[in-house]
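Single-letter residue listing:
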Amino acid sequence: MVATNLKLNSVHLPDISQELYKKNKEINETLAQTKLLAEQLSQEKKKIEIILENIIDIVIFTDENEKILLINKAFEREFELSKKSVINKPLSQIISFIDDQKILSLTELDSIIESKLHDTKVTKLIKISGNKNIYGTVGISVVANDQNKKRTILTIHNKTKEHELENMKLDFVSMAAHELRTPITSIRGYASLMSEELDEHAHLPIQDWKTLIGRISTSSEQLLALVENLLNVTKIEKGIMSLACKVEKWDQVVNESLEMFKESASAKKLILELKNPDSTLVAYVDKIRIEEVLNNLLSNAITYSTPNNTVTIQIKKDTNWIHTSIKDNGPGIAKSAQKHLFEKFFRVAGPLEQGSKGNGLGLYISKSIVEMHGGKISIDSDEGQGATVTFTVPCQKL
Amino acid sequence: MDSPKRILLVEDEFFIRDLYDRYLKKNGYDVVTAIDGEDGYQKAMSTSFDLILLDIMMPKMTGIEVLEKIKQDGSIAKNTPVYLLTNQVQQSIITEAFKLGAEGYLIKAQLLPKQIVEEIKNIFKNKQPQQEIAT
């Protein structure tokens, strides 16, 4: 028996050991594979984490009770909130989704869809109010886990800047339309008045006719100047504004501009005074462009002056530059506003802004044109003391 | 014959103010003009008018601010009809003006002066003037 058993064992032992060896190898292989998979998984996880952390859009995961499970860096950055302060808190406690002044639930948010990308529904632009307010579109995907618990993934694409820019554009169009309407009202009104006077065979003195025609003419000039400004901004922005400089008699350039403002100055009983004119002075300028600067500055000075005052234009020369300053007796400009004066669309806040005729373009354009000539423009003003704008142009080719 | 209706015209643009002043006077109205919001408010408070025509974009006080103040309790002009005579067609501003008690508005650039006079005649006839639609 023993012998038989021994024999049996001797027969099977190598088989078992081979089997064991095989199994061991298999286990080792599986282990290696698992290790590899785990490593791959960990690498994938890291990748996803890197993507999540570095993605520009805000990402939020919530559980079935709409409590925040996870947020990314963009969330922390845009709402200025730390991860620690929001994890496990109900989403509604941290941020609200607002459309047309109404706070939306996630279900309501899900219904204001603009487009759909695979399983993600994207809302139209809405306000998202948290520690900070932003404007953006929200992507919503609902995923169910093994226990069929629904979790929500929200992504927010911050469009605050675009939203502000769009608003600025709309304000600008609305402002431009308003500004254009003013001279149009005058032109239509006075033309119609003259026509009716003729129909009625009224005997207006010739001087009155001249006044009425003068008003149509001044209003057309204003309209033209405004359209020019709008076009100039486009040219400056596109970088396609060019200069055609020539030697010009500076006295003559200034006087031509002054001539244009005679009517509007006398309407406000303002005196336009040109101090120390010098007919020998020459400047190397693009006359059309530099006249736009003069027109913008004179128009401002007249607009902001109180009636029965003087607008003074002073010309000085140093070795290479002509300094031209335009001084008004208006309300002046607060120091805090002065540094922004030459920025596009900037308008002085306060009583001046509410009624000001400006569109926030004149000084921006003037600065661009003066600088293209190599010159400088600056403002000197104290509140209640009027304002003096000075700019320089070269006497000769630079 | 009735005494002429008194109108306060508050408009900062000299050309436009003078234009409407001419037309209103030609049509028999007793017109007082104001050159900005503050002047308009002071004149509205100093004596009574049958109608106030009020521009919106003005220095010192906007038309909206004038409207708010003259419609306050105890104001002499509280019950005087106010029509906005403006080129400002931003819906939010118009809505605010109506909330504050403006009775209507006329868009200057869309109406010739004689049409504005017709509208004013209608206001006094207690007819609903044709309202301009904001564009």
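All figures in this text were calculated on a predicted structure; none of them were measured in a lab.

**A look at the overall build of chain B**
Part 1 of the reasoning: If you tally the helices and strands in chain B, you get five helices and five strands.
Part 2 of the reasoning: In chain B, buried positions account for 44% of the 135 residues.
Part 3 of the reasoning: The contacts of chain B with a sequence gap of at least 6 include a subset with a gap of at least 24, amounting to 61%.

**Some thoughts on the overall build of chain A**
Part 1 of the reasoning: When you go through chain A residue by residue, the secondary structure sums to 13 helices and 16 strands.
Part 2 of the reasoning: When the 398 residues of chain A are sorted by exposure, 27% land in the buried category.
Part 3 of the reasoning: Of all intrachain contacts in chain A linking residues separated by at least 6 positions in sequence, the fraction that spans at least 24 positions is 61%.

**Notes on the sheet that holds strand β4 (residues 82-86) of chain B**
All names here are of chain B.
Part 1 of the reasoning: Read from one edge of the open sheet, five strands run β2-β1-β3-β4-β5, paired in parallel fashion. Strands at the two margins of the open sheet, each flanked by one partner only, are β2 (30-34) and β5 (104-107). Across the sheet, the mean angle from the axis of one strand to that of its neighbour is 20°, orientation sign disregarded.
Part 2 of the reasoning: Alignment of strand β3 (residues 51-54) against β4, held across three bridges, turns out to be parallel. Bridged to Leu 54 within β4 is Leu 84.

**As for the environment of Ile 35 of chain B**
Part 1 of the reasoning: Looking at the element boundaries, Ile 35 of chain B is found in the loop between β2 and α2 (37-46).
Part 2 of the reasoning: Along the backbone, Ile 35 of chain B and Glu 11 of chain B are 24 residues apart, and their C-alpha atoms lie at a distance of 5.6 Å.

**A few points about the interface of chain B and chain A**
Part 1 of the reasoning: Each partner contributes residues to the interface: chain B has 22 residues there, and chain A has 21 residues.
Part 2 of the reasoning: Counting only elements with at least two residues in the side of chain B that touches chain A, the list comes to α1 (14-26) and α5 (113-124) of chain B.
Part 3 of the reasoning: Each residue belonging to the side of chain B that touches chain A can be placed in one class, and the counts come to 10 nonpolar, five polar and seven charged.

**What to know about the sheet that holds strand β13 (residues 310-317) of chain A**
Residue and element names in this part refer to chain A.
Part 1 of the reasoning: Taken together, the five strands give an open sheet; going across it, the order is β11-β13-β14-β16-β15, and neighbouring strands pair in mixed fashion. The open sheet has two edge strands with one neighbour each: β11 (271-275) and β15 (377-381). Each neighbouring strand pair of the sheet contributes to a mean axis angle of 15°, computed without reference to strand direction.
Part 2 of the reasoning: As judged from the seven bridges shared by strand β14 (residues 321-327) and strand β16 (residues 387-394), these two strands associate in the antiparallel manner. Following the sheet pairing, Thr 324 is matched in β16 by Phe 391.

**A word on the confidence of the model for chain A**
Part 1 of the reasoning: Summary statistics for chain A give a mean pLDDT of 87 and a share of 93% for residues scoring 70 or more.
Part 2 of the reasoning: Taken together, the stretch residues 349-356 of chain A has pLDDT below 50 and engages in 18 contacts with residues farther than four places along the chain or on a different chain.

**As for the nonpolar core**
Residue and element names in this part refer to chain B.
Part 1 of the reasoning: If you look at the biggest cluster of nonpolar residues, it comprises 48 residues, and the most contacted ones within it are Ile 7, Ile 52, Leu 53, Leu 54 and Tyr 83.
Part 2 of the reasoning: It is α1 that provides the largest number of residues to this core, a total of six residues.
Part 3 of the reasoning: Leave out the neighbours within four places in its chain, and Leu 53 touches Ile 7, Leu 9, Val 10, Tyr 83 and Leu 85.

**Comments concerning the pairing of strand β5 (residues 113-117) of chain A**
Residue and element names in this part refer to chain A.
Part 1 of the reasoning: Counting buried positions along β5 yields zero of five residues, so the element is predominantly exposed.
Part 2 of the reasoning: Relative to strand β6 (residues 120-123), β5 runs antiparallel, the two sharing four bridges. Across the sheet, Leu 117 pairs through a bridge with Thr 120, a residue of β6.

**Regarding α2 of chain B**
Residue and element names in this part refer to chain B.
Part 1 of the reasoning: Listed as buried for α2 are Gly 37, Gly 40, Tyr 41 and Ala 44. The buried residues of α2 occupy one face: seen down the axis, they fall within an arc of 100°. Facing away from the buried side of α2 by over 90 degrees, the exposed positions are Gln 42 and Ser 46.

**So, unusual backbone geometry**
Trans peptide bonds make up the majority, and among non-glycine residues the majority have a negative phi.
Residue and element names in this part refer to chain A.
Part 1 of the reasoning: Positive phi, normally seen in glycine, also occurs at Glu 80, with a value near 55°.
Part 2 of the reasoning: Mapping Glu 80 onto the fold places it in the loop between α2 (73-79) and α3 (83-86).
Part 3 of the reasoning: Within the chain, Asn 308 stands out as a residue other than glycine whose phi angle is a positive 60°.
Part 4 of the reasoning: Relative to the elements of secondary structure, Asn 308 occurs in the loop between α10 (287-304) and β13.
Part 5 of the reasoning: Exposure remark for Asn 308: the 10 C-beta atoms within 10 Å place this residue in the exposed category.

**Here we look at helix α7 (residues 206-238) of chain A**
Part 1 of the reasoning: A rise of 1.5 Å per residue sets the reference length of α7 of chain A, with its 33 residues, at 48 Å; its end C-alpha atoms lie 48 Å apart and thus fit the reference within 8%.
Part 2 of the reasoning: Among the residues of α7 of chain A, those classed as buried are Leu 212, Arg 215, Thr 218, Ser 219, Gln 222, Leu 226, Asn 229, Asn 232 and Val 233 of chain A.
Part 3 of the reasoning: If you follow the buried residues of α7 of chain A, they end up packed against α6 (160-199), α9 (262-267), α10 and α13 (362-372) of chain A together with α1 of chain B.
Part 4 of the reasoning: Of the residues one or two after α7 of chain A, Gly 239 of chain A is the one with positive phi, at around 70°.

**Some thoughts on the environment of Asp 12 of chain B**
Residues and elements named next belong to chain B.
Part 1 of the reasoning: On the secondary structure map, Asp 12 appears in the loop between β1 (6-10) and α1.
Part 2 of the reasoning: Its 20 C-beta neighbours within 10 Å are what place Asp 12 among the buried residues.
Part 3 of the reasoning: Sequence-wise, Asp 12 and Ile 56 are 44 residues apart; in three dimensions their C-alpha atoms are separated by 9.4 Å.

**Brief notes about the pairing of strand β12 (residues 282-285) of chain A**
All names here are of chain A.
Part 1 of the reasoning: The two faces of β12 differ: Ala 283 and Val 285 on one face are buried, but Val 282 and Tyr 284 on the other face are not.
Part 2 of the reasoning: As judged from the four bridges shared by strand β10 (residues 246-249) and β12, these two strands associate in the antiparallel manner. By the bridge assignment, Lys 246 is partnered in β12 with Val 285.

Calculation criteria
Residues numbered from 1 in each chain as written. Chains lettered and ligands numbered in written order. Predicted model: local features only at pLDDT ≥ 70, side-chain atom pairs only at ≥ 80, totals over all residues. Helix = DSSP H or I, 4+ residues; strand = E, 2+ residues; numbered from the N terminus. Buried ≥ 20, exposed ≤ 12 C-beta atoms within 10 Å, placed from the backbone. Contact = placed C-beta atoms within 7 Å. Pairing = 2+ DSSP bridges. Axes fitted to C-alpha atoms, helices over the stretch in contact; angles between N-to-C directions. Nonpolar A, V, L, I, M, F, W, Y, C, P; charged D, E, K, R; others polar. pLDDT = per-residue confidence, 0-100. Core = buried A, V, L, I, M, F, W, Y, C linked by C-beta atoms within 7 Å. Arc of directions from axis to C-beta. Expected span 1.5 Å × (residues − 1).

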